[in-house]
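# Coordinate analysis (summary)
The primary structure of each chain is shown beneath.
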Amino acid sequence: MSKTKDPETQVKKSKVDAKAKKPRKESFNAADLPDPKSGAPLLEVRDLCVSFPSEDGRVNAVRGVNLKVNRGETVALVGESGSGKSVTSTAVMGLLDESAEISGSVKLHGTELLGRSDAYMSKVRGIQLSMVFQDPLSALTPVYTVGDQIVEALKTHNDKYDDDAAWKRAVELLDMVGIPNPTVRAKAYPHEFSGGMRQRAVIAIAIANNPDLIIADEPTTALDVTIQAQILEVLKVAQRETGAGVIMITHDLGVVAGMADRVAVMYAGRIVETGDVDEIFYNSRMPYTIGLLGSLPRLDAKKDAALATLEGNPPSLLNLPKGCPFAPRCPLVTDKCYGEEPTLKKHGEPGKSGEVHLSACYHADKIAKESLTYLDIYPAPELKTPDTLNLPHADRPEVLRVNDLVKTFPLTKGAVFKRRVGTVHAVDGISFDVRRGETLALVGESGCGKTTTLMQVLNLLKPEQGKIVVLGRDTAELNRRARKEVRRDLQIVFQDPMASLDPRLPVYDLIAEPMRHNGYSKEHIDKRITELMTLVGLEPSHANRYARNFSGGQRQRIGIARALALEPSLLVLDEPVSALDVSIQAGVINLLDELRATLSLSYLFVAHDLSVVRHIGDRVAVMYLGKIVEIGDIDEIFEAPAHPYTQALLSAIPIPDPAKERTRSRIILQGDLPSPANPPSGCRFRTRCPKFLTLNEAEQKRCIDKLPDFKHMGDDHEAACHYPERTSVF
C-alpha cells in the first residue's frame, strides 16, 4: 500500500499552481481521509493567507486568519465586501483559482486539507464538506432536472444507491427542505422553480450525504424576507438532521443574531474581533464592529435619530497602510495605531462556546472601562425633518395621487402567430397619495406590483384604468411639451448605481446631462454641479473623474446628485441602498433624510428591507399580488399591524439583537406567491394566510368569495382584511 505524505509534516506554504488544480493520480485509502470519530475540532484554520496576482501587484485577500468550528456549532463570518469572507470559505473548500497562493493550515477532523490534490478533495467535498452558494440559479445546471442533480450528488459519493433508491432519497430531501409536492417537483428544471425553491434545492444537495460542515455563503441575500425566513428555518432543520457545523457568511447582522453561536468579524483580510454572539453584540471591543452594529436601522425602534456612519472605505489590499488598517476610518485613532498592526487580545473568561472574546484594537480596554457605545464613538448627525410633517397627513400639500390604478400584461403563445392565452394582473385597482415632505414606502414580495406601479407613475401617460395626478396635473391630459415640464419635477434614483451611470462619461457630464437637455446655460451648469456635489457629500474637484473611480456609496451619491439637478419635487427611489454595504448604506440613508428636509422633497420609495423602510418612511403601503392590503402611518403599522400578511412580513425580518431573536416567534408563510395571471378568488392572500386556517367554514367561505374592503384601524391606518386584528410582532 502506498502512503501519502503525512499532512502534519507538510510545508506550511503550498502554492496552488496549474499542476495542483489538474486531476492527477494519487494513491490514498479511507484511512487518509478526515475521521469524524477523531477527538479533534471539526474545522481548525491556522494562519491562513491567500493572495492573488493582479496587474498592479499581489492582492493579499486573506492575511493570517485563525478560525475554529466545533460539531453542531454555527460560526458567522461578517464584514464589508472585500474583507475576505468568501475567499476564506473557498480556501477551506479547496476551490480557489489556480493562480492563488495559499499558506497556513486547514484541518478537518485534525486532517490537513491544504496541499491536497483535486482527486483527494473530491472525496471530501460533498461528503464531509458542502457549500450553499449565494446564487442558486448559477449553482444548478439548467439542462438537468432538480431531482437528477440531487441523485448525482448521492451516487457520486455513495455506491450503495441504485437509481430507484437515489431517486427516493432525492424526493425525501426535497420534502425535508419544504418543497411542496416533491414527487412531481423533482422532475422540474431549475428555471421552473422560484428563487426560494431553488435555494431549497441547493440546500437539499448540500445535505444529501449528511456532511459534517456546511458553508453557507450569503444564502438569503437575493431572497424576499418571507422566503428568507423559510430558508433560515430550512438551514436550522438541515443542521439538526445532520448534526453539522455551519459557517454562515453574511452581511445581515440580524441573521447572525438569530443563527450564530459565535461571530468572527473580518476587516482588510483578517479577523479583527471574535467571540460568542452575545459578547460581540453587547460587549464589542473593536470600533469597527461597534460601527457596523450602530449603522443598522432597527425594525423594532422608532426613528428618533440619524444613523451612525462609518466614514471612508476599506483600504486597498494591494498596498495596506502601516499599522491598523482601520485607523484612517476610526474616531478613536491615536499615533500608536499608525505604528504596528494590533494583534488579537483576550478579554475576560471563555463564553458559552468555550472560546474567549478576542479583539485587535489598542483601545479595547478603554472601550470596556468607559462603556463606550456607538453613540459615543460615532456621534450621529442631527436628524432633520420637513416642517410639513408637523401637519396632519390630510393637511399637507399633495404631490402625487394615484386612484384605482390598473395595469395588465397579455400572456401570449406561439412563435410566429401569437395568440393571447391569459392576462397578468400586475397592478389591480390600487390608490394612494404622497404629500409634500413625506416618504411613502411601497413594500411587498417580488412580483407584488411595486415596480410596475413605479413605472406607471414615471411614464406620465394615460393609465390603462384609473387616474394618476402629479403635482396637480392629470397624466392622461398631458401633451408632449407638458410631459417634459412635469418630468423635471419627477426624477428617479436607481437600485444599481453603476448600471445607471454611463461609464464613458466623467461625473461632470453625468450630472450635467439632464440640465443640457433642458437648455440650461454653461455658467448655470458649472455652478449647479459644484452645489450638487457639495450637497451630496462629494468633493467638487473630483467632477472630472469617472464613475468607476468611486466606491459604491459614492456612486449612489452621484446618482442622487443627477436626480436633483433639475430641482424636482418628487423623487422615486427604487431600492436605493440594497446594493450597498451596511456601513455605506447608513450614510446614504442620512443623506436622503437631510435632502428631504432641506429641499422639501417627497419620496416614493420601494424597498424589500423593512428596517430601512422603518427609518426612511413616514407612511407605508403593503402590496400583495397587485393589491394594497394595508396602508397608513409607518409607526402605527409597524408597532401593531392588522393584516396577516403584514404581520408575517414584519415577523420574518431578523433583528440585530440575540436576546430578542431567541424569544421571537416567526410567522412562516407556506408556499410562494400565486401567479398574477391566475390570482385566487376573494381575498388573494387566503391561500397562504395563517389566520384563514383558524376560521370556521362560514368565515372561510367569506374569504373565498368576497374581496375584502378597507377597514379603518386608526387615525391613519387601514387594512383590507375581513378579520383584521392589530397584533405586535416584536
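Residues numbered from 1 in each chain as written. Predicted model: local features only at pLDDT ≥ 70, side-chain atom pairs only at ≥ 80, totals over all residues. Heavy atoms only, no water.

### Regarding the environment of proline 180
Mapping proline 180 onto the fold places it in the loop between helix 6 (163-176) and helix 7 (182-185). Given the relative accessible area of 45%, proline 180 is considered partly exposed. Proline 180 sits 17 residues away from methionine 197 along the chain, and the two C-alpha atoms are 9.3 Å apart. Aside from chain neighbours lying at most four places away, what touches proline 180 is Arg185 and Met197. (Helix = DSSP H or I, 4+ residues; strand = E, 2+ residues; numbered from the N terminus. Buried < 20%, exposed > 50% of the residue type's maximum accessible area, 1.4 Å probe, protein only. Contact = heavy atoms within 4.5 Å.)

### Re the sheet that holds strand 8 (residues 213-217)
Spatially, the 8 strands line up as an open sheet ordered 7-8-9-4-10-11-13-12, and their pairing is mixed. Each end of this open sheet is capped by a strand with a single partner; those strands are strand 7 (129-132) and strand 12 (345-347). Direction aside, neighbouring strands of the sheet carry axes that sit 20° apart on average. For strand 11 (residues 270-276) and strand 13 (residues 357-359), the ladder comprises 2 bridges, and the chain directions are antiparallel. For glutamate 273, the partnering residue across the bridge sits in strand 13 and is serine 359. Those strands touched by helix 12 (residues 287-294) are strand 10 (262-267) and strand 11, and its axis lies near 105° from that of strand 10. (Pairing = 2+ DSSP bridges. Axes fitted to C-alpha atoms, helices over the stretch in contact; angles between N-to-C directions.)

### Here we look at helix 6
Taking 1.5 Å as the rise per residue, helix 6 with 14 residues should run 20 Å; its terminal C-alpha atoms sit 20 Å apart, in good agreement. Every buried residue belonging to helix 6 is among Ala166, Arg169, Ala170, Val171, Leu173 and Leu174, and all of these are buried. In this structure, the buried side of helix 6 is in contact with helix 5 (146-157), helix 7 and helix 8 (195-206). At the N-terminal end of helix 6, a side-chain oxygen is found 3.2 Å from the backbone nitrogen of aspartate 164, two or three residues along, and the residue is aspartate 162. Downstream of helix 6 by a residue or two, glycine 178 has a phi angle that is positive, lying close to 90°. (Expected span 1.5 Å × (residues − 1). Polar contact = N/O pair within 3.5 Å; in protein donor to acceptor, adjacent residues only side chain to side chain.)

### Considerations on the pattern of salt bridges
Taken as a whole and assessed by the stated rule, the structure comprises 40 salt bridges. One salt bridge in this structure joins arginine 63 and glutamate 341, with 3.0 Å as the shortest N-O distance. Highlighted residues: arginine 63 in strand 3 (residues 57-69) and glutamate 341 in the loop between helix 12 and strand 12, separated in sequence by 278 residues. Exposure remark for glutamate 341: the relative accessible area of 26% places this residue in the partly exposed category. The partner of aspartate 300 in a salt bridge is lysine 660, with the nearest N and O atoms 2.6 Å apart. Linking aspartate 300 in the loop between helix 12 and strand 12 with lysine 660 in helix 25 (residues 658-663), this pair joins segments that are 360 residues apart in sequence. Residue lysine 660 is classed as partly exposed on the basis of its relative accessible area of 36%. Connected through shared salt-bridge partners, Glu398, Arg401, Asp433, Arg435, Arg619 and Asp716 make up one network. (Salt bridge = Lys/Arg side-chain N within 4 Å of Asp/Glu carboxyl O.)

### Focus: the side chain of glutamine 128
Considering the arrangement of structural elements, one finds glutamine 128 in the loop between helix 3 (118-124) and strand 7. Since its relative accessible area comes to 10%, glutamine 128 is described here as buried. Leave out the neighbours within four places in its chain, and glutamine 128 touches Pro34, Pro36, Leu108, His109, Pro211, Asp212 and Leu213.

### Description of the packing of aromatic side chains
This model, assessed by the stated rule, comprises 6 aromatic pairs. With centroids separated by 4.5 Å and ring planes inclined at 55°, the aromatic side chains of tyrosine 267 and tyrosine 288 adopt a geometry described as tilted. Note that tyrosine 267 is positioned in strand 10 and tyrosine 288 in helix 12, a separation of 21 residues in sequence. Tyrosine 267 sits in the buried class, given a relative accessible area of 1%. Where tyrosine 288 meets phenylalanine 326, the ring centres are 5.3 Å apart and the plane angle is 65°; that geometry is what we call edge-to-face. With tyrosine 288 in helix 12 and phenylalanine 326 in the loop between helix 12 and strand 12, the pair connects residues that are 38 residues apart, well separated along the chain. Note on accessibility: tyrosine 288 and phenylalanine 326 belong to one class, buried. Taken together, the aromatic side chains of Tyr267, Tyr288 and Phe326 make up a single cluster linked through ring pairs. Arginine 548 extends its terminal NZ or CZ atom over the ring of tyrosine 546, reaching a point 4.8 Å from the ring centre. Seen from the ring of tyrosine 723, arginine 702 lies directly overhead, with NZ or CZ sitting 5.5 Å from the centre. (Phe/Tyr/Trp six-rings, centres within 6.5 Å; stacked < 30°, edge-to-face > 60°. Lys NZ or Arg CZ within 6 Å of the ring centre and 35° of its normal.)

### Observations concerning unusual backbone geometry
Of note in this structure, aspartate 47 is not a glycine but carries a positive phi near 50°. Positive phi, close to 50°, is recorded for serine 371, a residue that is not glycine.

### Considering helix 2 (residues 85-93)
Most of helix 2 sits out of view: 7 of its 9 residues are buried. Those residues of helix 2 that sit buried are Lys85, Val87, Thr88, Ser89, Ala91, Val92 and Met93. Of the residues one or two after helix 2, glycine 94 is the one with positive phi, at around 75°.

### What to know about the sheet that holds strand 17 (residues 465-470)
In spatial order, the strands read 15-14-17-18; together these 4 strands make up an open sheet with antiparallel pairing. The two strands at the open ends of the sheet, each matched to only one other strand, are strand 15 (419-435) and strand 18 (473-474). Sitting on the sheet, helix 15 (residues 450-459) is in contact with strand 14 (398-413), strand 15 and strand 17, with an inclination near 115° to strand 14.

### Overview of the packing of helix 18 (residues 507-517) against helix 19 (residues 522-535)
Helix packing geometry: the angle between the two helix axes and the distance between the axes. At a closest axis distance of 10 Å, the pairing of helix 18 and helix 19 adopts a crossing angle of 125°. One element, helix 18, and the other, helix 19, form an angle in the oblique class. Considering the relative orientation of helix 18 and helix 19, their crossing is right-handed. Between helix 18 and helix 19, the residues in contact are Val507, Tyr508, Ile511, Ala512, Met515 and Arg516 and Lys522, His524, Ile525, Asp526, Arg528, Ile529, Leu532 and Met533, respectively. Looking at the contact of helix 18 with helix 19 residue by residue, the class counts come to 9 nonpolar, 1 polar and 4 charged. (Parallel < 35°, antiparallel > 145°, perpendicular 65-115°, else oblique. Left-handed = near helix turned anticlockwise from the far one by under 90°. Nonpolar A, V, L, I, M, F, W, Y, C, P; charged D, E, K, R; others polar.)

### Topic: the pairing of strand 22 (residues 619-624)
For strand 22, a buried count of 6 out of 6 residues is recorded, marking the element as mostly surrounded by other parts of the structure. Pairing between strand 16 (residues 439-443) and strand 22: 4 bridges, direction parallel. By the bridge assignment for strand 22, alanine 441 is matched with valine 620. When strand 22 meets strand 23 (residues 627-633), the two strands line up antiparallel, connected through 6 bridges.

### Looking at the side chain of serine 651
Relative to the helices and strands, serine 651 is located in helix 24 (residues 644-652). Here serine 651 falls in the buried class, since its relative accessible area comes to 1%. Within the structure, the side chain of serine 651 is placed 3.0 Å from the backbone nitrogen of isoleucine 667, a separation counted as a polar contact. Filtering out sequence-adjacent residues up to four positions away, serine 651 remains in contact with Arg664, Ser665, Arg666, Ile667 and Val729.

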